[in-house]
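Here's the letter readout for the chains.
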Amino acid sequence: MAIELTEEQKKQGYKVVKLGDICSTVASGGTPSRKVAEYYSDELGIPWVKTQEIRNNRISSTGEFISQLGLENSSAKIFPQGTILIAMYGATVGRIGWLTRPMATNQAACALVVDTEKATAKYIYYALFQRRSDLINLAFGAAQQNLNLTTIKNFEIALPPLSKQKRIANILGSLDEKIEANNSIIQTISDLVVAEVEKLDLFDKDSDATLKDIIEFSPKVSKPSTNDFQFIDMSALPTQGA
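Bear in mind the structure is a predicted one, so any value in this text is a computation, not a measurement.

1. With respect to the overall build of the protein chain
Within the protein chain one finds eight helices and 12 strands. Looking at the 242 residues of the protein chain, the share that counts as buried comes to 34%. Restricting the contact set of the protein chain to residue pairs at least 6 apart, pairs at least 24 apart contribute 73%. Carbon and sulfur atoms make up 52% of the accessible area of the protein chain, which amounts to about 15,700 Å² in all.

Right under this line is the structure:
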């Protein structure tokens, strides 16, 4: 899908480029045969990204790992840190990912290794975010509702001079890191709360109690005589969804 630069972008030195012109690699991965157990590994193996793990995010861990033998006997490839991933098929099509360390991928992911002499990888990552809906529209305009390597190579973005790319990438990258740190804190607190609740042993695992045994449904409550409390009459609540 072609894009047009604004007059302001032209003044700032932007140009329209195809992804294939600024990437040293545009390739998909592969899946080792599931019939050979030795092709897969524990966490000491090669991290292997499936498209379900591409969630418009930085990817630092994977659910599965493949072995060196699996890598050598399949079309899987190891892509470097800083590789941009685009999901090409199915429900995840158009999702973007960023590898925080070297990893392999399955064949449903397109890996973009940006030529650092031509562009800043982090800028390209955020530029694709901005145009993600256009990527998805390209997929749904196809007969099989998928993306392919040729389509992605020909996909255009607006590219400013390198110095501006780096400034934009640094600003957005800092925000991303703060969001990730906050999410990590929230998850840690959530895990601590769950652990503390389990320590209290509030729930008897062998109990046959039902909610009705421990909760009073629609209790009869008189309206307060003063205006110190806000009173909600249960009869005023809707009994059906809007």
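Here the narrative resumes.
2. Side note on the nonpolar core
Formed by 33 residues in total, the largest nonpolar core has its most connected members in Leu 112, Ile 124 and Leu 128. Counting residues per element, the ones that place at least two in this core are helix H2 (19-22), strand E2 (23-28), strand E8 (84-87), strand E9 (96-99), strand E11 (109-114), helix H4 (121-130), helix H5 (132-140) and strand E12 (156-159). Of the residues forming this core, the biggest block, seven residues, is contributed by H4.

3. Thoughts on the packing of aromatic side chains
Scanning the model with the defined rule gives four aromatic pairs in all. Taking the centre distance of 6.0 Å and the plane angle of 80° together, the rings of Tyr 40 and Trp 48 count as edge-to-face. Across the pair, exposure class does not vary: Tyr 40 and Trp 48 are buried alike. Each ring, one from Trp 98 and one from Tyr 125, has its centre 5.6 Å from the other, and the planes form 55°; the classification is tilted.

4. Thoughts on H4
What sets the pattern is the α-helix's 3.6 residues per turn: residues three or four places apart point alike. With eight of 10 residues buried, H4 lies mostly within the body of the structure. Taken together, the buried positions of H4 are Ala 121, Lys 122, Tyr 123, Ile 124, Tyr 125, Tyr 126, Ala 127 and Leu 128.

5. Side note on the environment of Ile 168
Tracing the backbone through its elements, the reader meets Ile 168 in helix H7 (residues 162-200). When its relative accessible area of 25% is taken as the criterion, Ile 168 is described as partly exposed. Along the backbone, Ile 168 and Ala 127 are 41 residues apart, and their C-alpha atoms lie at a distance of 10.0 Å.

6. Let's talk about the layout of surface pockets
Computed from the structure, the largest pocket encloses a volume of approximately 360 Å³. Asn 57, Arg 58, Ile 59, Ser 60 and Glu 180 are the residues nearest the centre of the largest pocket, which is lined by 15 residues in total. Of all elements in the fold, only strand E5 (57-59), H4 and H7 reach the threshold of two or more residues within the lining of the largest pocket. It is H7 that provides the largest number of residues to the lining of the largest pocket, a total of four residues. Its residues placed into classes, the lining of the largest pocket shows four nonpolar, six polar and five charged. Of the volumes computed, that of the second largest pocket is approximately 250 Å³. Lining the second largest pocket are 14 residues, with Gln 9, Tyr 14, Tyr 123, Gln 130 and Ala 158 positioned closest to its centre. Take the lining of the second largest pocket: its biggest share by element is four residues, from H4.

7. Comments concerning the pattern of salt bridges
Under the definition given, this model contains four salt bridges. With a shortest N-O distance of 3.2 Å, Glu 64 and Lys 50 are connected by a salt bridge. Linking Glu 64 in strand E6 (residues 64-66) with Lys 50 in the loop between strand E4 (46-49) and E5, this pair joins segments that are 14 residues apart in sequence. With its nearest N and O atoms 3.0 Å apart, the salt bridge here joins Arg 131 to Asp 134. The pair formed by Arg 131 and Asp 134 is uniform in burial state, with each residue classed as buried. What you see here is one network of salt bridges that share partners, running through Arg 34, Lys 50 and Glu 64.

What counts, and at which threshold
- Residues numbered from 1 in each chain as written.
- Predicted model: local features only at pLDDT ≥ 70, side-chain atom pairs only at ≥ 80, totals over all residues.
- Heavy atoms only, no water.
- Helix = DSSP H or I, 4+ residues; strand = E, 2+ residues; numbered from the N terminus.
- Buried < 20%, exposed > 50% of the residue type's maximum accessible area, 1.4 Å probe, protein only.
- Contact = heavy atoms within 4.5 Å.
- Areas by Shrake-Rupley, 256 points an atom, 1.4 Å probe, with all protein chains shown as cover.
- Core = buried A, V, L, I, M, F, W, Y, C linked by side-chain atoms within 4.5 Å.
- Phe/Tyr/Trp six-rings, centres within 6.5 Å; stacked < 30°, edge-to-face > 60°.
- 1 Å grid on protein atoms, 1.4 Å probe; cavity = no way out; pocket = protein on both sides within 12 Å on 5 of 7 lines; lining within 4 Å.
- Points joined across faces, edges and corners; volume = space filled by probe spheres on them.
- Nonpolar A, V, L, I, M, F, W, Y, C, P; charged D, E, K, R; others polar.
- Salt bridge = Lys/Arg side-chain N within 4 Å of Asp/Glu carboxyl O.

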